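# Architecture and fold: a report
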Amino acid sequence: MPEKDYEDIPGTFVFDADRSREGYHLNQFCISLRLQKNRDAFNADEEKYLDNYPMTPEQRDAVLKREWNRLLELGGNIYYTSKLAANDGINFQNLAGLMTGMGVDAYREMMLNGGRSPEGNRYKSEWEDKD
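Here the structure is a predicted model, which is why all the values come from computation and not from measurement.

Once that is clear, we can look at the overall build of the protein chain. On a plain count of helices and strands, the protein chain comes out with 10 helices and zero strands. For the protein chain, buried positions account for 34% of its 131 residues. Taking contacts inside the protein chain between residues at least 6 apart in sequence as the whole, the part at least 24 apart equals 44%. For the protein chain, the accessible area works out to roughly 8200 Å², and carbon and sulfur atoms hold 49% of it.

Written out as structure tokens, the structure reads:
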């Protein structure tokens with residue numbers, strides 16, 4: 001994908017038209033898990049079920065390894081990939097805790113206290129200035 005101004009936001013993969021196209025089959029897989037019959041088929045044989053969706057090898061691997069941030073990087077939409085997490089018994093708050101590396105309790109506490117400070121988190125270039 002071409003570099004965009006908003007690619008400089010640390011820890012963020014903006015879901016734009018390019019990522020939407022890149023992640024089309026990944027997101028179709030994830031949203032399929034909204035139906036019980038599809039969850040049952042996926043849980044019975046994950047690799048076989050994934051054969052129904054022509055994802056890239058990287059996307060497929062990220063699904064099987066449950067690499068949540070990598071799924072977003074590869075075009076996954078957070079609301080769709082959360083269907084995979086829900087299938088695994090992970091609610092959205094717990095998923096956010098996993099994705100931030102903070103854990104659910106620290107993540108919950110941060111959000112109750114107003115969220116992450118924007119200071120030093122607006123642009124990756126701000127991180128470089130701190131060295």
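Another aspect to go through is the side chain of Thr 81. By the secondary structure assignment, Thr 81 is in helix 7 (residues 78-87). Among all residues touching Thr 81, those that are not within four sequence positions of it are Cys 30, Trp 68, Leu 71, Leu 72 and Gly 76.

Moving on, we come to the packing of helix 2 (residues 24-32) against helix 7. Two elements in contact, helix 2 and helix 7, have axes whose closest approach is 8 Å; the angle formed by their N-to-C orientations is 45°. Classified by the angle their axes make, helix 2 and helix 7 are oblique. The hand of the helix 2/helix 7 crossing is left-handed. Of the residues in helix 7, those touching helix 2 at Asn 27, Phe 29, Cys 30 and Ile 31 are Tyr 80, Thr 81, Lys 83 and Leu 84. Residues of the contact of helix 2 with helix 7, tallied by class, amount to five nonpolar, two polar and one charged.

Turning our eyes to something else, we now look at helix 3 (residues 36-44). Side chains three or four residues apart in an α-helix point the same way, a direct result of the helix having 3.6 residues per turn. Listed in full, the buried residues belonging to helix 3 are Asn 38, Arg 39 and Phe 42. The arc that holds every buried residue of helix 3, seen down its axis, measures 100°, which confines them to one face. The outward face of helix 3, more than 90 degrees from its buried face, is lined by the exposed residues Lys 37 and Ala 44. Among the structural elements, helix 2, helix 4 (46-50), helix 5 (57-65) and helix 7 are those in contact with the buried residues of helix 3.

Our next topic: the pattern of salt bridges. For the structure on display, the rule yields eight salt bridges. A salt bridge links Glu 46 to Arg 66, with the nearest nitrogen and oxygen atoms 2.8 Å apart. Separated by 20 residues along the polypeptide, Glu 46 in helix 4 and Arg 66 in the loop between helix 5 and helix 6 (68-73) bring together distant segments of the chain. Arg 66 sits in the buried class, given a relative accessible area of 16%. In this structure, the salt-bridge partner of Lys 65 is Asp 61, at a minimum N-O distance of 3.1 Å. Of this pair, Lys 65 and Asp 61 both sit in helix 5, four residues apart, which is roughly one turn of that helix. Linked through salt bridges whose partners overlap, the residues forming this network are Glu 46, Arg 66 and Asp 88.

Calculation rules
- All residue numbers refer to position in the chain's written sequence, counted from 1.
- With the structure being a predicted model, the display of local features is reserved for residues of pLDDT at least 70 and the display and counting of side-chain atom pairs for 80 or more, all residues being used for whole-chain, interface and lining totals.
- In computing side-chain values, all of the structure's heavy atoms are included and hydrogens and water are not.
- In this description a helix means any DSSP run of H or I spanning at least four residues, a strand means any run of E spanning at least two, and both kinds are numbered starting from the N terminus.
- Buried means the residue's accessible area, taken with a 1.4 Å probe over protein chains only, is under 20% of the maximum for its type, while exposed means over 50%, and partly exposed covers the values in between.
- Contact criterion: two residues are considered in contact whenever any of their non-hydrogen atoms come within 4.5 Å of each other.
- Note on areas: Shrake-Rupley, 1.4 Å probe, and residue coverage restricted to the protein chains presented here.
- Comment: axis = line fitted to C-alpha atoms, over the contacting stretch for helices; angle = value between 0 and 180 degrees taken between N-to-C directions.
- Any angle between 65 and 115 degrees counts as roughly perpendicular, while under 35 counts as roughly parallel, over 145 as roughly antiparallel, and the rest as oblique.
- Here a crossing is taken to be left-handed if its near helix is turned anticlockwise relative to the far helix by less than a right angle, and right-handed if that turn runs clockwise.
- When residues are grouped by polarity, Ala, Val, Leu, Ile, Met, Phe, Trp, Tyr, Cys and Pro land in nonpolar, Asp, Glu, Lys and Arg in charged, and all others, Gly among them, in polar.
- The arc in question is formed by the directions pointing from the helix axis toward the C-beta atoms.
- By definition, a salt bridge exists where a carboxyl oxygen of Asp or Glu is found within 4 Å of a side-chain nitrogen of Lys or Arg.

Read these as layout, nothing more, since geometry by itself doesn't imply function.
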